[in-house]
Amino acid sequence: MVALLTAALVVYFVLLTERAVLLLRTGTVVGVGLGAGVLLLPLIGVVLLAYELRFGAQTARLTRSLAGEGGLPDDSDLPRRPSGRIERTAADDNFESVRTEVDREPGNWRHWYHLAHAYDLAGDRKRARSAMRHAIELSAHT
């Protein structure tokens, strides 16, 4: 799926670049201005895509490492809603127990990985990504 979405984005970036070049070639002030603006979009997109792919690869590396140790978070015993999502109170309780581990040993990337998972279960994607970035950073120093 990642490869398919990346390929679609690359096609989109190529098409945007093509349009930007056409606008730049008009030679008019408006055309050149619009062309420069449109040219920035695929450049920003490529940088963001590279950043996200790198984050995904680093997260996958940590996941493989934890799986090899038998230390992946296990949420199978948490109660779920009919939709499959973890019940909010159970996710909050799980989060508190994981956060205690992080507070006890803040330099352990494994605890931060578990905290990212707990944030994700609680529905806080922004903090989950932040905790995962911290886990990645800590793992690079061990």
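For the structure, see preceding data.
Fair warning: this is a prediction, and the values are worked out from it, not measured in the lab.

Trainee: Which residues make up helix α2 (residues 29–69), and what values do they have?
Mentor: A rise of 1.5 Å per residue sets the reference length of α2, with its 41 residues, at 60 Å; its end C-alpha atoms lie 61 Å apart and thus fit the reference within 8%. Along α2, the residues that are buried comprise Gly 31, Gly 35, Val 38, Pro 42, Gly 45, Leu 49, Phe 55, Gln 58, Thr 59, Leu 62 and Leu 66. Of the surrounding secondary structure, the elements contacted by the buried residues of α2 are α1 (2–25), α4 (109–121) and α5 (125–140).

Trainee: An account of α1 is requested, with residue identities and associated values reported.
Mentor: In a regular helix each residue adds 1.5 Å, so 24 residues correspond to 34 Å; α1 covers 34 Å between its end C-alpha atoms and thus fits that length. Turning to α1, its buried residues are Thr 6, Phe 13, Leu 16 and Ala 20. Contact partners of the buried residues in α1: α2.

Trainee: Can you explain the nonpolar core? Please cite residues and give values.
Mentor: Core analysis: the biggest nonpolar cluster contains 19 residues, and Leu 62, Trp 109, Trp 112, Tyr 113, Leu 115, Met 132 and Ala 135 have the highest contact counts within it. For this core, the secondary structure elements donating two or more residues are α2, α3 (88–104), α4 and α5. The dominant element in this core, judged by the number of residues it contributes, is α4, at 7 residues. With sequence-adjacent residues up to four places away left out, Met 132 is seen in contact with Phe 55, Thr 59, Leu 62, Tyr 113 and Ala 116. Formed by 6 residues, the second largest nonpolar core is a distinct cluster that contains Leu 78, Ile 86, Ala 91 and Ala 122.

Trainee: Got a sec to walk through the side chain of Ser 139? Specific residues and values, please.
Mentor: Following the sequence through the fold, Ser 139 ends up in helix α5. For Ser 139, a relative accessible area of 9% translates into the label buried. A polar contact is formed between the side chain of Ser 139 and the side chain of Arg 61, at a distance of 3.3 Å. With near-sequence residues (within four places) excluded, Ser 139 lies in contact with Arg 61, Leu 62 and Trp 109.

Trainee: So what about a nonpolar patch on the surface? Which residues, and what values?
Mentor: A contiguous nonpolar patch, built from Leu 40, Leu 43, Ile 44 and Leu 48 and spanning about 390 Å² of accessible area, is present on the exposed surface. Leu 48 gets classed as exposed once you look at its relative accessible area, which sits at 52%.

Thresholds, definitions, all that
All residue numbers refer to position in the chain's written sequence, counted from 1. At least 70 in pLDDT is required for a residue's local features to be given in this predicted model, at least 80 for side-chain atom pairs to be given and counted, and no such filter applies to totals for whole chains, interfaces and linings, which use all residues. The side-chain values count all of the structure's non-hydrogen atoms but skip hydrogen atoms and water molecules. Where helices and strands are cited, they refer to DSSP runs of H or I of at least four residues and of E of at least two residues respectively, numbered from the N terminus. Helices are assigned an expected span. That span is 1.5 Å times one less than the residue count. Burial here depends on accessible area, computed with a 1.4 Å probe over protein chains only, as a share of the maximum for the residue type. Under 20% is buried, over 50% is exposed, and the range in between is partly exposed. Here a residue-residue contact requires only that any non-hydrogen atoms of the pair lie within 4.5 Å. Take the buried residues of types Ala, Val, Leu, Ile, Met, Phe, Trp, Tyr and Cys, join any two whose side-chain atoms come within 4.5 Å, and each joined set is a nonpolar core. For this analysis, a polar contact is any N or O atom pair within 3.5 Å, provided that within protein one partner can donate a hydrogen and the other can accept it, and provided that sequence-adjacent residues contribute only side-chain to side-chain pairs. Patch definition: residues above 30% relative accessible area lacking any salt bridge, with like charges linked at up to 9 Å and the nonpolar side chains Val, Leu, Ile, Met, Phe, Trp and Tyr linked at up to 5 Å. Reported accessibility uses the Shrake-Rupley method at a 1.4 Å probe radius. Residues are deemed covered only where the shown protein chains occlude them. Each salt bridge in this description consists of a side-chain nitrogen of Lys or Arg and a carboxyl oxygen of Asp or Glu lying within 4 Å of one another.

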